[in-house]
Amino acid sequence: MNYDCLVIGGGLAGLTTGIRCAEAGLNVAVISSGESALTFSSGEIDVLGTDLSGRAVQNPFTALESLVQHQPDHPYAHVGTGNVAKSLDWFQREIAEAGLPMVTSGGLWDNHWRLTAAGALRPSWLSQQSAGALPWGLENIQRVVFVSFTGFLDFMPELAAAGLKTHPVFQQAEVQSLNIELPLEHGRGATADTMRAPQLARAIGESDVELICTRLLEQVNDADLVALPACLSAGRKNWLTVLRRRTGLRLVEVATMPPSVPGIRMLSALKRRLTAVGGFMIPAMPVITGDVSYGHVASVQTPDDELHAKQYVLASGSFFSKGLKSHAAGEISEPVFGLDIDVPETLSGQSFLVPEGHGFNRAGVRVNVQLQPSLNGTVIENLHVAGSVLAGYDPVIEGSGGGVAISTGWMAANEVIKKVALP
Amino acid sequence: MRRMEADVVVIGGGATGASVFRDCSLRGMQAILVERGDIASGTTGRNHGLLHSGARYAVTDSHSARECISENKILKQIAGHCVEATDGLFISLPEDGLDFQQQFMQGCADAGIHAQELSPKQALQLEPAVNPALIGAVRIPDGTIDPFRLTSATILDAREHGGALLNYNRAEGLLIEQGRVQGVRCRDLRNGEQFEIRCQAVVNASGAWCHEIMEYADLSVDMYHSRGALLIMGHRMNGMVINRCRKPGDADILVPGDTVSVIGTTSTHVGRDELETLEVTADEVKTLLQEGSKLAPSMLDARILRAYCGVRPLVAESSSGGDRSISRGLVAIDHGEQDGLPGLVTITGGKLMTCRLMAEVATDKVARLLNISVPCETASRPLPGAHLPEPIGRKMRQGQSRYRLPDSSLPNSIAGSAVYRHGDRARSFMQEDDHHNNAVVCECEVVTRGEILYAIETLNARSMSDLRRRTRVGMGPCQGEMCACRVAGLLASQQENGDEVLGSLQDFVNERWKGIRPVLWGDALRESEFSYWVQESLLGLSSLQPEGKAEDNRDLYHEL
Amino acid sequence: MNLLVATDRSFDSCLKCTACSSSCPVAAVLPDFPGPKQCGPDGERLRLKSRDFLDVALKYCTGCKRCEVACPSDVQISDIIAQAKVKYGEDKFRLREFLLSHTDLMGALTRGSADLVNKLTGTSVVKFAMDKTLGIDRRRQFPAYARQSFRSWYKQVEEKQHIYARQISYFHGCYVNFNAPELGQDLVTVLNAMDIGVKLLAKEKCCGVPLVANGFHKKARSHAEFNTRACHTALKQGSECIVSTSSSCAHMLREDYPAMLGQSEQQVHEHIIFITRFLSHEFQLGNKPEMKPVRLKVGYHSPCHLIRSRGVLHTLNILREIPGLELHQLDSNCCGIAGTYGFKKENYTTSQEIGQPLFDQIEAGEFDYIVTDCETCKMQIEMSTSLQVLHPVTLLAMGMSRGK
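Worth saying up front: this structure is predicted, and the values here are computed from it rather than measured.

Asker: Hey, could you go over the overall build of chain C for me, with residue numbers and the actual values?
Answerer: Secondary structure summary: chain C contains 22 helices and 8 strands in total. The contacts in chain C between residues at least 6 apart in sequence include a share of 77% that link residues at least 24 apart. With an accessible surface of roughly 15300 Å², chain C has 52% of that area assigned to carbon and sulfur atoms.

Asker: Tell me about the pairing of strand β2 (residues 28–31) of chain A, and name the residues and values.
Answerer: Looking down a regular strand, the side chains alternate between one sheet face and the other. Residue and element names in this part refer to chain A. Burial along β2 is two-sided: the face carrying V28 and V30 and the face carrying A29 and I31 are both buried. Here 4 bridges tie strand β1 (residues 3–8) to β2, and the two strands are oriented parallel to one another. Residue V7 lies in a different strand from β2, and its bridge partner there is V30. Read from β1 through helix α1 (residues 12–23) to β2, the crossover connection turns out right-handed. Relative to strand β11 (residues 280–282), β2 runs parallel, the two sharing 3 bridges. The partner of V30 across the bridge, within β11, is M281.

Asker: Pulling in residues and values, what's your account of the environment of R55(A)?
Answerer: Residues and elements named next belong to chain A. Tracing the sequence through the fold places R55 in the loop between β2 and α2 (60–70). When the C-alpha atoms of R55 and R362 are compared, they prove to be 19 Å apart, with 307 residues separating the residues in sequence. Dropping the residues within four chain positions of it, R55 is found in contact with G49 and T50.

Asker: With reference to specific residues and values, describe the pattern of salt bridges.
Answerer: Applying the stated rule across the entire model yields 79 salt bridges over all chains. Linking R56(B) and D252(B) is a salt bridge whose minimum nitrogen-to-oxygen distance equals 2.9 Å. One end of the pair, R56(B), is in the loop between β4 (50–51) and α2 (62–78); the other, D252(B), is in the loop between β16 (241–244) and β17 (253–257), and 196 residues separate them in sequence. Considered together, R56(B) and D252(B) belong to a single accessibility category, that of buried residues. Residue R170(B) pairs with E172(B) through a salt bridge whose shortest N-O separation is 2.9 Å. Overlapping salt bridges bring together D154(A), R196(A), E443(B), R486(B), K16(C), K37(C) and D42(C) as one network.

Asker: I'd like a rundown of the interface of chain A and chain B, residues and numbers included.
Answerer: In this assembly, 49 residues from chain A lie in contact with 51 residues from chain B. The largest contributions to the chain A side of the interface with chain B come from M257(A), F352(A) and L353(A), which together make up 17% of the buried area. Summed over the shared surface of chain A and chain B, the number is 3 salt bridges. Here D154(A) ties to R486(B) by a salt bridge, and the two come within 2.6 Å at their closest N and O atoms. Secondary-structure elements contributing two or more residues to the side of chain A that touches chain B are α5 (157–165) and α10 (395–398) of chain A. Ranked by residues supplied to the side of chain A that touches chain B, first place goes to α5(A) with 4 residues.

Calculation notes
- Residues numbered from 1 in each chain as written.
- Chains lettered and ligands numbered in written order.
- Predicted model: local features only at pLDDT ≥ 70, side-chain atom pairs only at ≥ 80, totals over all residues.
- Heavy atoms only, no water.
- Helix = DSSP H or I, 4+ residues; strand = E, 2+ residues; numbered from the N terminus.
- Contact = heavy atoms within 4.5 Å.
- Areas by Shrake-Rupley, 256 points an atom, 1.4 Å probe, with all protein chains shown as cover.
- Buried < 20%, exposed > 50% of the residue type's maximum accessible area, 1.4 Å probe, protein only.
- Pairing = 2+ DSSP bridges.
- Right-handed = clockwise from strand over helix to strand, strands pointing away.
- Salt bridge = Lys/Arg side-chain N within 4 Å of Asp/Glu carboxyl O.
- Buried area = accessible area lost by both parts, 1.4 Å probe.

Written out as structure tokens, the structure is:
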């Protein structure tokens, strides 16, 4: 079976490519091996959170201009700042089509703050409606309450409260924590103690929501912001909406420790979108090696089969997803094709929590401006690379993981579509 | 200045100091233990965790060998929940020949260590992880010991007999009046407050740092600091201790301990100024892996969790022959007798195995100073929690189990882990229907909420790293990537000072990283990337800026 | 699945990322089940310390292998759990497990009395009795037994198979033989249309999937040896390969037999292929039967074990070749039956709750049919939704004017 395009990797970048190709009418299959990192993510899309000096940026698209000038090998530089904006605009429409509308906060092109389960604030650009992005100016928030459910270990309101208190803006604010003990209507007798977020989401029922509502009205009625673990909007009903309506409070959901409900929700939405527009999603299909000659991929091998396509997109992720491999001798390689890679001199910093991040995050496949990689110096014309397998950027420190995945996935798809359309 | 009173002040909360603390308390003395960090945070927590049979010293140091086998038998009796009587093998490889084995058997016989010669086939049957190329093996009663648990249980016993523990308090000077030591000047490192403890005797049990205490009295000792590096493997690869049957060398022992195996060690001299900044080098890692895989070949493709190193506080007797020829024997000094400064006793040298014996010798000296004639009971009196059905490790009859709470229907992994770590004291924090406290916080090592709270309330744990030493939280394959924030949340719910909790969380994460860095490839790198996503991208830990995070409160070292 | 040989060490690579736990269909609906991470790689580290750390909760694992599909580290989670049950657990004989797992025996016993058995197992009295005495849930529908077994039908067409130059052997399995001979007939139609003759193995035994799931490992091994010998003979007698229309049987024969029997019969096991993979390869090489348009809207449900054995792509490939077919890939969700798991009384609620998202999507999709490769998925979907379920081979046969 010949495909127009085989996408290797089913994470944010691979799914983006798959959806765009399928929409363009291409025969496309996304083959993946192992669940993608989206499962543990916040379920938000960050584009650029910090500038070159490490300061939080309000307008990521403006800051991009300066970033690509200073770092010509940054994936954003290959895509081009105009295309980054276009791709994200496209993504916003797609994810809404998939039934998961996502929003920016404040201005269309402005970052907002994402509240974390440790009480930190991270700049982000696009968020799910349940997250209720915090606008850039935080001044009007004077009383914050972190609420969790007694026993639940993956969102500890006491820790989050302590964390937020260290933020310069909130040092004078009143930050409190509250635990509500829930009967868990659909918990089949279990308590929140042993549940992870997706199970808690399932276990909550009408009577629990009643109780939460009463306790909120009794105890935190005057709060400017109430933060809850992200497990209310994904239950049998969207309980968060119900609670917002009944309490009139500003309620936001915060992504819990993995597994993360909003992350899983985004992943499912994208997979559903892919199959809805006619693409195929093939899990558990590792690609072992690729057959490349004269700058052309002829086929790729899975453990039992040889798969053929006109075009290939490599979106196999970084070390975690085995898109990159590190060996005892300190070498790093791209295991499927053995592509040319870039590796920073120092792989790791002295401390884990360092402002400059770690070199391993910047390691990856080197590409040209069409996102084509090379093998021993020869460009491979029918292979494009997208997402975190790419070299030249630090998704965590820059706060750019989502934006790079989407924009490079989108651009790789555009390149593929152009080529498949050619006679 | 605040002033406290005691009969004895013990400086140093390692295994030796803890044992002196216990011995003094059991003999009716009012004792205070002063430790600048947490208990077992120095050399004690940075070794193999080997319950020596003494066989290791049988050829080179018969005296140490006899001490070891005697303490080995005692610890099995009094510290059942801290040791596992796994037995060990001394294997000979083709390159070693069998000559040494003959000397070894003789040495064991002389020291009273039961040694049984095995055929290679028998050895492989007993321990499938062993290198199949072996040409001979001897079985000896080695075992494993958890130094954190031993120290903690020892301290708990002392406290239950009237002793007081002051961890995170530094001894900054000795009060010397009328020609004798009359107390210790201390500083509480949490708030910087200085205070004095007046006492009749001070025991310097600060191990590798004992020269610093002696300097407060213008005394000196010729310490030889021998540094050893070790690797922790991701799972328990071997059931029995595996040793090389040859003269002691690098990476010649693989010890199964709890859920992991530890390969060690190397031996290099370090200067006293380097004690605070120890890092494992790439060469050491390479040597450990290369030599270690000769003991158990599967080590080559097994995962390494971390690397760490410790410093043996050896007392130099001669200047020649390198450190392995220096005696591992204990050194106990009554400075009244030796230096004309009564009131101060120094106990050093020795090894984890002989901590109880060292304490007995030191406490005898203290008792003489205080005119106390109560005899030492530490060899016969079990530590808190040590009442288990039978010595751990011996084959159980079918259907019987050691690691179960009596009459409990809790999952075996949960109840068993609690019993494994705390013996019969597991009942203090694990009740049948207490879903809340029986919830698992650290999934790798199965630590429950109840166990964490017990460690905070009863075992003096104040920081995240203290909790790790008391419970194994964060010691499994994920190195705390998931449980760190859960534990911090529990700490935050117990403590007023949120900043202190956050500081301790950041320290914990950074401390784990130090041990991972030397082995940062393969799955360790994948794990680190994932941890980084969780702790930095998802949670934003580095952007938290807790106030008053005193630098010197930080964990200085990386450990097991 | 390394059931009877050395320990699997893949647990060492577990990053504790929770991808397995969040994709576990049982953990999603049964909060008391600690999930694949804790039962598998986490638990294995403890069990290496002592067998005392074995948890009884392992029994809730259905063996669906979705954890292994989700795992980014290639940890054989489901196998580790299955092994732990064997290695550290106790063997107890239970009648229910025996009856549910001995599918070939049960099929043979009902021969000639299919109508009676179907009626009996459909009556509330018998269901009540099975529920109370055996612990087989009374709400469960049993697959009906066919009046004529597939093997007996095959005799009518056996002669005709020799006219084809190419020959392959068909491992029909218990289900086709006793419950769904028409699927076997469809296969013969399709392969004959591609100029390939179909042979049967001289004799075959149950592949062993239900035996393993219910703890009858020795028996499973003896079946594995028997079937391997039969396949070996078939290959020697000129069959190109052995195909199976059951994704579970094929997975067992191809992926699990080598682990049970060692690598010595590797060449035999390599020649056992799930039917859609065989067809997909043939189609690609140009051997595609003529098909008339099948104007239907179908939803394709990918069975858990087919995902794990990397077969979904092939099924989609052949379905794509059916003209006129409107094909929708359903979200990847477990149907909840997990072989014999869902038949057990204590698992019924769990089983149905697991399947609910799939059932909802099916009911909302306005499909004409659901297509899937697995017989127990078919039973579960037909019992729990209003739709009929077809095998991909049946759809192909429908396109070949044989019609339905």
